[in-house]
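Observations on chain architecture
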Amino acid sequence: MILGFVEQDGGKVNPHSLEMLTLARRLAGETAVPLHAVVMGEAVDGLGAYGVSALHIAQHPDLTDFAPAAWAECVVQVMAVERPTAVFAAGTERGNEVMAYVAAKLGAAMAANVTAVVPGDDYRITRLRWGGSLLEEAWLKGTPKLMTVAPLVIQATMVESDEVEVRPFPPNLSAADLRVMVNGRTQPESGKVTLADARVVVSGGRGVGSAEGFAVLEELADLLGGAVGGSRVATNLGWRPHAAQVGQTGTRVAPDLYIACGISGAIQHWVGCKGAKHILAINTDPDAPMVTKADYAVIGDLHEVLPALIAELRQRIQSE
Amino acid sequence: MNILVCIKRVPATGARITLTADERGIDTRNLGFAISPHEECAVEEAVRLVEAHGGRVTVLTLGPAEAAEQLRDALAVGADRAIHLLTDGSEWDPMATANAIIAVARAEPFDLLLFGNEAADTGDYQVGIRVAVALGLPCVTGVKGLAVQGDTVVARREFGGGWEIYEAPLPAVITVKEGLNLPRYPSVPGRLRAKKKPLDQMEPARQGGGATSSLEMVRLVTPPEQRKTVQVLGQGGTAVPRIVEILQELRLV
Ligand SMILES: Cc1cc2nc3c(=O)[nH]c(=O)nc-3n(C[C@H](O)[C@H](O)[C@H](O)COP(=O)(O)OP(=O)(O)OC[C@H]3O[C@@H](n4cnc5c(N)ncnc54)[C@H](O)[C@@H]3O)c2cc1C
Ligand SMILES: Nc1ncnc2c1ncn2[C@@H]1O[C@H](COP(=O)(O)O)[C@@H](O)[C@H]1O
């Protein structure tokens, strides 16, 4: 069988877990084995529509919150009984973390952020490197094969639903497994437009020139109800907080419009903004990669273009 | 506090990644190199912790002779000593890398072992956790806020727009993300001091051959680019009317 570790939040399945199950189900079909899932704590509904025939539910009185080593131990204990040929998790923070523990506990190899799998004695896999800027083809050898599935690559699809056999089990956990568990949390600030959810992101790079230079970007973002982002140069120079950084080691954004002001378009920046529906580049250099890859471009000094745009928008608001 | 920080040398690629002819690596002939960003923050955090609590920072890398440059960078911003596990430049898989680090960490008692959450180039998401499990240490990953209180480490990580708080007893393994702090730049005196600090080259421990479970790279592939043609809206302020039209089309004004 093939096993998928499914993440949930109060009975609601993480969408990336459904993408993972879609890939796992295809592999299970190709190799003619059943697909099982394992969840922590409480049952989840609807996994039959993703091809799951049995659902293992780890239930333990001390498992009250996320505890990575303990969650991995639960997966390992299902594996000890069911002997899967392959185990998948979503390539989320928790998915990658739990799978790395499983791999470490079993002394097995693990491939993170897989996008495609060709089965065989050894699996020929494709996975993301450089935060998605590069792909790697590799052999994954040994049994069981441990993988996480890159988010937002595979589209989750449903099949005709079968009955899911529900199998709760009490995992055997040691004190060491439970040493690290969420001890507390702070809720997100409500009401503020976040970078990840904004419909418009006005983003600035080295071309902005200074921390004060960002005032025009702030003003435009306010007028459009958007958020301000930045390149790594802008955050490393202390012009913006790191929370504003777009890119491989920052936030991935997916707005309707991404306005890149004075950003050259390095590949590590591009992976963070390429999910935008439309990109407008404002840059003095017509050959900057950000300009050539964008949908729209304005060639010029952002400190001339943005004030002119803001003045025009303000005039329109006033005359309405 | 005795702190170990594991750093990786990665190429600073620009707008496009060019592969080598055998497609097994990045053509780095025209590129500079850097400490992988998450680990740069790990070095900074270690230096700050030792400034506050006393102790010593050891930086470690597994890599080719040239990786000494990144160890010197770390020494220049305040690390006290470096360990270079020398390779011939071929890529080690994450399990082999972890095993070589584990051998070093077993030989010396560290209170805190810092890693990046994932290496910028390979993105394996596992070396720190493998080291923690082998040494029987608690581990918190993806950390963007860290404090040491007595023999406990308190760590924060982002989740769903808010923060998760974790506590773990020392010794512990922590894997960090960029944003944990704003790393300082090496100063000229820092660079001069770095030259006198100990940098030990060692042969990395190779785990007994014939591992039955492994991840073996075949080749790298540049993902296909969706080429589209850019619409130039104009030069400077004259483009404003066209920008407004676009904003209207997208129903943003
Ligand atoms: C492992 C790794 C991870 C990284 N992660 C990230 C990441 O997450 N996010 C990120 O952004 N970068 C990241 N980087 C850095 C990245 O490689 C680039 O160095 C960075 O994105 C460049 O920032 P920039 O475009 O602001 O600056 P530059 O590359 O210096 O570009 C400045 C641009 O501004 C233009 N300009 C100058 N003046 C003006 C003006 N007055 N008006 C209009 N245009 C002007 C110039 O023509 C130029 O195109 C990473 C690098 C590495 C190695
Ligand atoms: N060659 C290496 N030398 C030193 N540390 C490394 C090396 N490779 C990985 N690491 C450390 O392990 C972390 C996670 O790497 P990975 O599991 O490969 O994504 C990195 O952020 C580094 O801190």
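Anyway, here's the lowdown on the structure attached to this text. These numbers were taken from a predicted model, which means no experiment stands behind them.

**Overview of the overall build of chain B**
Each helix and strand in chain B was counted, giving 6 helices and 14 strands. Expressed as lengths along the three principal axes of its C-alpha atoms, the size of chain B is roughly 65 × 45 × 40 Å. Relative to all contacts within chain B whose residues are 6 or more apart in sequence, the contacts with residues 24 or more apart total 69%. In chain B, 27 side chains carry a positive charge and 31 a negative one; their mean positions are 4 Å apart.

**Brief notes about the overall build of chain A**
If you tally the helices and strands in chain A, you get 8 helices and 17 strands. Taking the principal axes of its C-alpha atoms as reference, chain A extends roughly 70 × 40 × 40 Å. In chain A, which comprises 320 residues, the share counted as buried stands at 58%. Sequence separation of 24 or more characterises 62% of the internal contacts of chain A that already satisfy a separation of 6 or more. Split by element, the accessible area of chain A, about 12600 Å² in all, is 50% carbon and sulfur.

**Re the site of ligand 1**
In the vicinity of ligand 1 lie 31 residues, with A:Arg206, A:Ser231, A:Ser264, A:Gln268 and A:Asn283 positioned nearest. Around ligand 1 the close residues trace back to chains A and B. Take A:Ser264: an N or O atom from its side chain is 2.6 Å from an oxygen atom of ligand 1. At a separation of 2.9 Å, a nitrogen atom of ligand 1 approaches a polar side-chain atom of A:Asp301.

**Thoughts on the site of ligand 2**
All names here are of chain B. Surveying the vicinity of ligand 2 reveals 19 residues, the closest of which are Cys-6, Glu-39, Leu-62, Ala-119 and Gln-126. Within the backbone of Tyr-125, an N or O atom sits 3.0 Å from an oxygen atom of ligand 2. Starting from 480 Å² of accessible surface for ligand 2 in isolation, the protein chains cover 98%. Residue assignment for the shell around ligand 2 shows that the elements contributing at least two residues are β4 (56-63), α3 (94-107) and β6 (112-116). Residue composition of the shell around ligand 2, by class: 9 nonpolar, 6 polar and 4 charged.

**Notes on unusual backbone geometry**
Between A:Thr143 and the following residue, A:Pro144, the backbone shows a cis peptide bond with an omega angle of -5°. If you trace the backbone, A:Pro144 turns up in the loop between β9 (134-141) and β10 (145-149). Backbone torsion omega between B:Leu170 and B:Pro171 reads -5°, so that peptide bond is classified as cis. Within the fold, B:Pro171 resides in the loop between β10 (162-169) and β11 (172-176). Although it is not a glycine, A:Trp130 adopts a positive phi angle of roughly 50°. Counting through the fold element by element, A:Trp130 comes out in the loop between β8 (123-129) and β9.

**Focus on the packing of aromatic side chains**
This model, assessed by the stated rule, comprises 2 aromatic pairs over all chains. A centroid spacing of 6.0 Å and a plane angle of 65° characterise the contact between A:Phe5 and A:Trp71, whose relative ring orientation is edge-to-face. Separated by 66 residues along the polypeptide, A:Phe5 in strand β1 (residues 2-5) and A:Trp71 in helix α2 (residues 68-82) bring together distant segments of the chain. Grouping residues by exposure puts A:Phe5 and A:Trp71 together as buried. Seen from their ring centres, A:Phe66 and A:Trp71 are 4.8 Å apart, and the 85° between their planes marks the pair as edge-to-face. For A:Trp71, a relative accessible area of 11% translates into the label buried. Among the aromatic residues, those joined into a cluster by ring pairs are A:Phe5, A:Phe66 and A:Trp71. Sitting above the plane of the A:Phe66 ring, A:Arg94 keeps its charged end 4.2 Å from the centroid. Geometry around B:Phe159 places A:Arg94 over its ring, the cationic atom sitting 4.0 Å from the centre.

Here is what the cut-offs are and how they apply
Residues numbered from 1 in each chain as written. Chains lettered and ligands numbered in written order. Predicted model: local features only at pLDDT ≥ 70, side-chain atom pairs only at ≥ 80, totals over all residues. Heavy atoms only, no water. Helix = DSSP H or I, 4+ residues; strand = E, 2+ residues; numbered from the N terminus. Contact = heavy atoms within 4.5 Å. Lys, Arg positive; Asp, Glu negative; His and termini not counted. Charge placed at Lys NZ, Arg CZ, Asp CG, Glu CD. Buried < 20%, exposed > 50% of the residue type's maximum accessible area, 1.4 Å probe, protein only. Areas by Shrake-Rupley, 256 points an atom, 1.4 Å probe, with all protein chains shown as cover. Near = heavy atom within 4 Å. Polar contact = N/O pair within 3.5 Å; in protein donor to acceptor, adjacent residues only side chain to side chain. Nonpolar A, V, L, I, M, F, W, Y, C, P; charged D, E, K, R; others polar. Phe/Tyr/Trp six-rings, centres within 6.5 Å; stacked < 30°, edge-to-face > 60°. Lys NZ or Arg CZ within 6 Å of the ring centre and 35° of its normal.

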